[in-house]
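Residue-level structural notes
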Amino acid sequence: MDRNNVEGKFSSYVFLNDEKSKLFFSKEHPDTFVSYGKYEMRLRDKILVENGQVVKAKVKWYGLGSYAYPYLWKTNKTDSQYQESWDDPRLPKKRKSESEQKQSIVPKRSRGKKI
């Protein structure tokens, strides 16, 4: 890519947020893992969280030797700590109606073998 103000070229990785509404740039490959807070996550997720986006981040999960996908975000860009949730914080939470809460669960009784 060409620079706007001066002569020369530069390289950069370009990626989108989850809603595909904004572009973000990185000099390093966005799928490399970096330490951020208590997780080791992808660089792209770190950049998105720092820019105020809600991200379903791919983090290394050491107990299982695989990956986990918590939602991470900052309420203000100036916050030093991010918030986390295993449910999507952008969706409204469902409340149980009173009738569902009052119903008791009755186990089915077995009447023995049927002939």
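As the structure is a prediction and not an experimental result, all values here were calculated from the model.

Reading the values: the criteria
Residues numbered from 1 in each chain as written. Predicted model: local features only at pLDDT ≥ 70, side-chain atom pairs only at ≥ 80, totals over all residues. Heavy atoms only, no water. Pairing = 2+ DSSP bridges. Helix = DSSP H or I, 4+ residues; strand = E, 2+ residues; numbered from the N terminus. Phe/Tyr/Trp six-rings, centres within 6.5 Å; stacked < 30°, edge-to-face > 60°. Buried < 20%, exposed > 50% of the residue type's maximum accessible area, 1.4 Å probe, protein only.

With antiparallel pairing, the three strands of this open sheet are ordered in space as β5-β8-β9. Since the sheet does not close on itself, it has two edges, and those belong to β5 (55-56) and β9 (83-85), each with one partner. The pairing of β5 with strand β8 (residues 71-73) spans two bridges and is antiparallel. By the bridge assignment, Val55 is partnered in β8 with Leu72.

Here we come to the packing of aromatic side chains. Under the criterion given, the structure shown has five aromatic pairs. On the basis of an interplanar angle of 20° and a centroid distance of 6.5 Å, the ring pair of Tyr39 and Tyr82 is categorised as stacked. Of this pair, Tyr39 sits in strand β4 (residues 39-42) while Tyr82 sits in the loop between β8 and β9, and the two are 43 residues apart along the sequence. Among the residues examined, Tyr82 registers a relative accessible area of 11% and is labelled buried. On the basis of an interplanar angle of 90° and a centroid distance of 5.6 Å, the ring pair of Trp61 and Trp86 is categorised as edge-to-face. Here Trp61 is found in strand β6 (residues 59-61), whereas its partner Trp86 is found in the loop between β9 and α2 (98-102), with 25 residues between them in sequence. Relative accessible area serves as the criterion here: at 31%, Trp61 is assigned to the partly exposed category. An aromatic cluster of at least three residues, connected via ring pairs, comprises Tyr36, Tyr39 and Tyr82.

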